Each structure stands twice: as C-alpha cells, then as structure tokens.
Amino acid sequence: MSDEEPQETALGEEGGPPVQPDRRGWRELYESEDWWAIWFATLLLACIGLGLVSLVPTIGRWSTNPLEALPGDLLLPLALLCLGLALMTTIGVAIMKSPWRPYVAGFGCIFALACLSYLLAKQSTMRAWGIGYAIWALGLGLLISNTVRTPKWLLRAARSEMFIKTGLVLLGAEILFSRILQLGPPGLMVAWIVTPTVILFMWYFGTRWLKVRSKKLTIIIAAATSVCGVSAAIATAAACRAKKAELTLAVGMTMIFTVLMMIAMPALARVIGLPPAVGGAWLGGTIDSTGAVVAAGAFLGEDAERVAAVVKMIQNVLIGIVGFFVALAWVTRIERDPTAPRPSLMEIWHRFPKFIVGFVVASVVFSFILMPVLGSDGVSEILNHSKVFRGWFFCLAFVAIGLESNFKDLGSQLVGGKAIILYVVGQSFNILLTLLVAWLAFGGVLFELSI
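Residue positions are given per chain, counting from 1 as you read along its sequence in written order. Local features in this predicted model are restricted to residues of pLDDT 70 or higher, and side-chain atom pairs are both shown and tallied only at a pLDDT of 80 or more, whereas totals for entire chains, interfaces and linings draw on every residue. With hydrogens and water stripped out, all remaining heavy atoms of the structure feed into the side-chain values.

*Asks:* Break down the overall build of the chain for me, with residues and values.
*Replies:* The helix count covers DSSP runs of H or I at least four residues long, the strand count covers runs of E at least two residues long, and both are numbered beginning at the N terminus. From N to C terminus, the chain includes 21 helices and zero strands. Relative to a compact globule of 451 residues, whose C-alpha radius of gyration would be 22 Å, the chain shows 21 Å and is just as compact. Principal-axis analysis of the C-alpha atoms places the extent of the chain at approximately 60 × 60 × 45 Å. Across the 451 residues that make up the chain, the buried fraction comes to 55%. Atoms counted for the radius of gyration: C-alpha only. Globule rule: 2.2 Å times the number of residues to the power 0.38. Only protein chains enter the accessibility calculation, which uses a 1.4 Å probe; a residue is then buried when its area is under 20% of its type maximum, exposed when over 50%, and partly exposed in between.

*Asks:* Any chance you could break down the packing of aromatic side chains for me, citing the residues and the numbers?
*Replies:* In this scheme Phe, Tyr and Trp rings, the latter by its six-membered ring, pair at centre separations within 6.5 Å, and the angle between planes marks the pair as stacked below 30 degrees, edge-to-face above 60, and tilted otherwise. Considering all chains together, one arrives at 15 aromatic pairs under this definition. Following the ring pairs from residue to residue traces out a cluster consisting of Tyr-103, Phe-107, Phe-111, Tyr-118, Tyr-133, Phe-163, Trp-392 and Phe-393.

*Asks:* Kindly report on helix α13 (residues 244-271), identifying the contributing residues and their values.
*Replies:* In this scheme, a helix's expected span is set at 1.5 Å multiplied by one less than its residue total. With 28 residues, α13 should cover 40 Å at 1.5 Å per step; its first-to-last C-alpha distance of 40 Å lies within 8% of that length. The axis of α13 is deflected most strongly, by about 30°, at Met-261. The bend at a residue is defined as the angle formed between two axes, one fitted to the seven residues ending at that residue and one fitted to the seven starting there.

*Asks:* If you had to explain the packing of helix α8 (residues 160-173) against helix α12 (residues 230-240) to someone new, which residues and values would you point to?
*Replies:* The description of two packed helices rests on the angle between their axes and on the distance between the axes. The contact between α8 and α12 brings their axes to 10 Å, and the two run at 120°. In terms of orientation, α8 lies oblique with respect to α12. Handedness of the crossing formed by α8 with α12: left-handed. In this structure, α8 contributes Ile-164, Lys-165, Leu-168 and Leu-171 to the contact, and α12 contributes Ser-231, Ile-234, Ala-235 and Ala-238. Under this grouping Gly is polar, as are all residues other than the nonpolar Ala, Val, Leu, Ile, Met, Phe, Trp, Tyr, Cys and Pro and the charged Asp, Glu, Lys and Arg. Considered class by class, the residues forming the contact of α8 with α12 number six nonpolar, one polar and one charged. To obtain each axis, a line is fitted to C-alpha atoms, and for helices this fit is confined to the stretch in contact; angles are then taken between N-to-C directions over 0 to 180 degrees. Should an angle lie under 35 degrees it is considered roughly parallel, over 145 roughly antiparallel, and from 65 to 115 roughly perpendicular; all remaining angles are considered oblique. For a crossing to be left-handed, the near helix must be turned anticlockwise from the far one by less than a right angle; the clockwise case is right-handed. Contacts are residue-level and defined by heavy atoms, with any inter-residue pair within 4.5 Å sufficient.

*Asks:* Give me the lowdown on the side chain of Lys-312, citing residues and values where you can.
*Replies:* Here Lys-312 shows up in helix α16 (residues 302-316). We note that Lys-312 is buried and unpaired, the nearest opposite charge coming from Asp-288 at a distance of 4.7 Å. Whenever two N or O atoms come within 3.5 Å, that pair is a polar contact, provided that in protein one can donate a hydrogen and the other can accept it, and provided that, for residues adjacent in sequence, both atoms are side-chain atoms. Polar contacts involving the side chain of Lys-312 include one to the main-chain carbonyl oxygen of Gly-284, which spans 3.2 Å. Beyond its immediate stretch of four places on either side in the chain, Lys-312 contacts Val-227, Cys-228, Gly-284, Ile-287, Asp-288, Thr-290 and Val-293. The charge count treats Lys and Arg as positive and Asp and Glu as negative. His and the chain ends do not count. A carboxyl oxygen of Asp or Glu within 4 Å of a side-chain nitrogen of Lys or Arg is what we treat as a salt bridge.

*Asks:* Please set out the confidence of the model for the chain residue by residue, giving values where relevant.
*Replies:* For every residue, the predictor states its confidence as a pLDDT score lying anywhere from 0 to 100. When pLDDT is averaged along the chain, the result is 86; 91% of the residues meet or exceed 70. Note on residues 1-9: pLDDT is under 50 here. Beyond four places in sequence and across chains, it has 20 contacts. Low confidence marks residues 12-23, where pLDDT is under 50. Its contacts with residues over four positions away, or in another chain, come to 26 contacts.

*Asks:* Talk me through helix α19 (residues 354-404); I want residue IDs and the actual numbers.
*Replies:* Compared with the 75 Å implied by 1.5 Å per residue over 51 residues, the 24 Å span of α19 between its first and last C-alpha is markedly short. The largest bend in α19 amounts to roughly 115° and is located at Gly-375.

*Asks:* An account of the side chain of Glu-246 is needed here, citing residue identities and associated values.
*Replies:* Structurally, the position occupied by Glu-246 is in helix α13. Buried and unpaired, Glu-246 has no salt bridge, with Lys-243 as the nearest side chain of opposite charge at 4.5 Å. Within polar-contact distance, the side chain of Glu-246 engages the backbone nitrogen of Lys-243 at 2.9 Å.

*Asks:* Got a sec to walk through the pattern of salt bridges? Specific residues and values, please.
*Replies:* One pass over the structure, following the stated rule, counts five salt bridges. The partner of Glu-174 in a salt bridge is Arg-390, with the nearest N and O atoms 2.7 Å apart. Here Glu-174 is found in the loop between α8 and α9 (177-180), whereas its partner Arg-390 is found in helix α19, with 216 residues between them in sequence. The exposure classification of Glu-174 matches that of Arg-390, with both residues buried. Measuring nitrogen to oxygen at the nearest pair gives 3.7 Å for the salt bridge that ties Glu-404 to Lys-244.

*Asks:* Hey, could you go over unusual backbone geometry for me, with residue numbers and the actual values?
*Replies:* A positive phi angle is found at Lys-97, which is not glycine, with a value near 65°. Among the secondary structure elements, Lys-97 is positioned in the loop between α3 (72-95) and α4 (100-121). Given the relative accessible area of 64%, Lys-97 is considered exposed.

*Asks:* Give a detailed account of the environment of Val-365, specifying residues and quantitative values.
*Replies:* Along the chain, the position of Val-365 falls in helix α19. Residues Val-365 and Leu-176, spaced 189 residues apart in sequence, show a C-alpha to C-alpha distance of 9.4 Å.

*Asks:* I'd like a rundown of the environment of Ala-238, residues and numbers included.
*Replies:* Mapped onto the elements, Ala-238 comes out in helix α12. Accessibility expressed as a relative area gives 6% for Ala-238, which makes it buried. Between the C-alpha atom of Ala-238 and that of Phe-107, which follows or precedes it by 131 residues, the distance is 22 Å.

*Asks:* Pulling in residues and values, what's your account of a nonpolar patch on the surface?
*Replies:* Patch membership is restricted to residues that have no salt bridge and whose relative accessible area is over 30%. Joining uses 9 Å for like charges and 5 Å for the nonpolar side chains Val, Leu, Ile, Met, Phe, Trp and Tyr. Method for areas: the Shrake-Rupley scheme with a 1.4 Å probe, in which residue coverage is limited to the protein chains shown. Among the surface-exposed residues, Val-360, Val-364, Phe-368, Ile-369, Val-373 and Leu-374 lie close enough to one another that they form a single nonpolar patch of about 540 Å² accessible area. Secondary-structure assignment places Val-373 in helix α19. Under the relative-accessibility criterion, Val-373 is labelled exposed at 64%.

*Asks:* Outline the packing of α12 against helix α17 (residues 318-334), supporting the account with residue identities and numerical values.
*Replies:* Their axes nearest at 8 Å, the elements α12 and α17 cross at an angle of 25°. By the angle between their axes, α12 is roughly parallel relative to α17. Of the two elements, α12 crosses α17, and the hand of that crossing is right-handed. For the pair formed by α12 and α17, the contact residues are Ser-231, Ala-235, Thr-236, Ala-239 and Cys-240 on the first element and Ile-319, Val-322, Gly-323, Val-326, Ala-327 and Trp-330 on the second. Here the residues of the contact of α12 with α17 are counted per class, giving eight nonpolar, three polar and no charged.

See the structure below:
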C-alpha cells in the first residue's frame, strides 16, 4: 500500500465488516464477496431465463401525486422483492461468516430508502432534468449519516461493495457484441480511441501536473469522465480498493455535470450545425449516463438518438477492460512494495477483483451463446428483467455508500480544489477530442455512412 492511502479506509471497510484477507483455494469461492456477487447475479439471471421470475417490480412515474407511482397492486410485489433479495444476500453474508442478524435487521430499512430514492427520481420534473435514483439514494444516505448519524445496526446492512459488484455483473449481460457492431468502425473509433486517450491524459495531468494526493481518486475521476460515469466509477473504485469518500466525490461530480451536459450539449450541437450522426456520436462519447445520452440525443432527432445510444453502449464495454487494467496496475505497480519480489501470476489472480471476470463472462455468454440460441427477442426479454434487478442493486449500493460517508471525509478530498480542476479540465479535453473524432468518423471524412 502507498503511504498516502491507509488500508483501513478502503472501499468496503468503513462502518461495515472488516475486509477479509485474501482467500486461497476453493474457500475463496464461498468466502469472497467478489465471488458471491457472481453467484447472486448468476442465480438471478438463471431464474429469469428459466421463467421462475416473470416480474420485477419498479416504481412508477408521477407528476403531482406520489401515490400515483405506488398503486395498491405494487406493494405486495415490492415486499416480495425485498424479502427475496434479503433472503438471497443473507445466505451469502452468513456463509462469508459475517454477522447476518444485524444485516437482516437493517436491509429492510436500506431497501425502503432505495424505494424512496426511486420514487423521488420518477417525478416528472426530476426525470426531465435527468436527476436519477443514484443522486437521490446517495443524498438520502448522506443526509442520515451527517445529521442523526447512521446507527450501528444499520451500518451492518450497508454492504455497498456487495451490492455494487452484483449490479456490475448483471450489467455485463447487457453488453451485447451484436449491438456494438451496429455502427461498425466509426462507432468503435469514437468509443475506443477517445476513451483510453482521455484516461491517460487525465492520469498524467492529475498525478504529474496537479499532483493530486490520491492516485485512486485520480483514476476514478478519469474513468468516470471517459467511460460511462457512475458505472465506470464504481467498477474502478472496487478494482483499486478506493476510499468511500473518493468514490462518493467522483460520483457526485459526475452526476452534477451529467445534468448540465445533457441540457447544454444538444443546444450547442444545434448552434454549430452538427449533422445528426456527428452530434449523436459526440453526445454518446461524452455524456456520462446512458439515460442522459438517450434523452440528449432525442433533442437532435431519431438518427442522433440511435447513434448516441450505440456509441455509449460500445463505450460501456470498456468498463470491464478498464477495471482489469486498473486492478492489474495496482497489484503490480502502484501498491507493490518496491523491495518485495514481483508478484507471481497466482498472487495477481488472488488479489484480482473477481467481479470483473463475472462482468466479462456474462457479456460473452449473452453475446455468443444465448443470442444464437434464444435470438434477439429472447435475450431482450431476459435483459428487460435483469436491468431492473441491476438498478435495484445500484440503488441499494448508493444508499449504503451515503450511510457510510460523511462530509468531513468528502471535504478532505476537495482541499485545494484539485479534484474539481481535474474533472473540468479532463471533461473539456474529452468534449473537444470526441467532437474532432466524431466529425472524422461520422462526418464523411474517413468513412462513407448511410445513416
């Protein structure tokens, strides 16, 4: 570990059960939170695929009366969802030898806060402004932890890492290679050339020029800015074992700027007269949320909306790749004791976050096995349910992160304003570079397009 980032404040350790030492052999398969995230996601996907789960409840939309979003026939499915998730995750918590009784006691409260977050996010004005469940979940958790303080029994249920990793494995199933190839080389060019370039620029700008104290915060902000915002931030934070305050700060900045960019960028695209395909690729490669990308693209027309959505989907593939290389770099270089021998391949494997393996395997299975067998309609039907499960796990995770965080820790990350400077400079570079590459790829300069 580096001397600037003590291990006791790493993601998953504040307020919750202590991080267990690296497991060896077969025990790791049932005593590691990473593996349990894979087992949870696999079980849910299997239940959906086999028809055992045919409905995953969601909070409805509303305008002036919140009760419109909670009809009487929705309360029982929500209660069953809470009980089902509680039972499934409690089994994992118990087998991991963590206190399961306090977890059961607190899970219902965290689920209720997640429901409230969804309810607030589904209000029509909030939806129009792109203020989603993540910012409400994080905000509610922070409100509790910084006012009445989070009680210990509730902290035992705040298993943010377990929720995050399960959601990310489910997200992997949504990364379908057949859809990625819809735009061909132009889409790959925008997503896969700009993204690593921005990450490297922000890494060197943050570590060499700004000299940001925390390398973990630097790489989280870089990943969030260049890949896909919140999902990339939480994957990268888990890969490098970042502090919760670092993840919270990066996610907060990302969500605020996403709303601003969703409103400003389509208007700017119209002012400068960008063709729909170029404008869509520009939006898809820069705005840090799939929902915000689609909403922004719709302002420029159907072609722009379609291009924006596919470019963002192509970019989402890089979540697993970026997480892999970040974890590898932290094990072999960043946190490696220079006096110790170079870690062996087995040591790298033991320390490597296994949820990234689950993310990649889920994408491969759905893209190359289930897609040919079930067809596009069959896979889409499964994903329609798995996306809802993924949203619930992410919402639970952000509630938990908020409950475990405090403004004092967040304020320490903002000293000197370097984190904000890093984000603003990096996002500005991202916007300009993506505009150039989108024009080259979709403006008829390098490729002939029929969009």
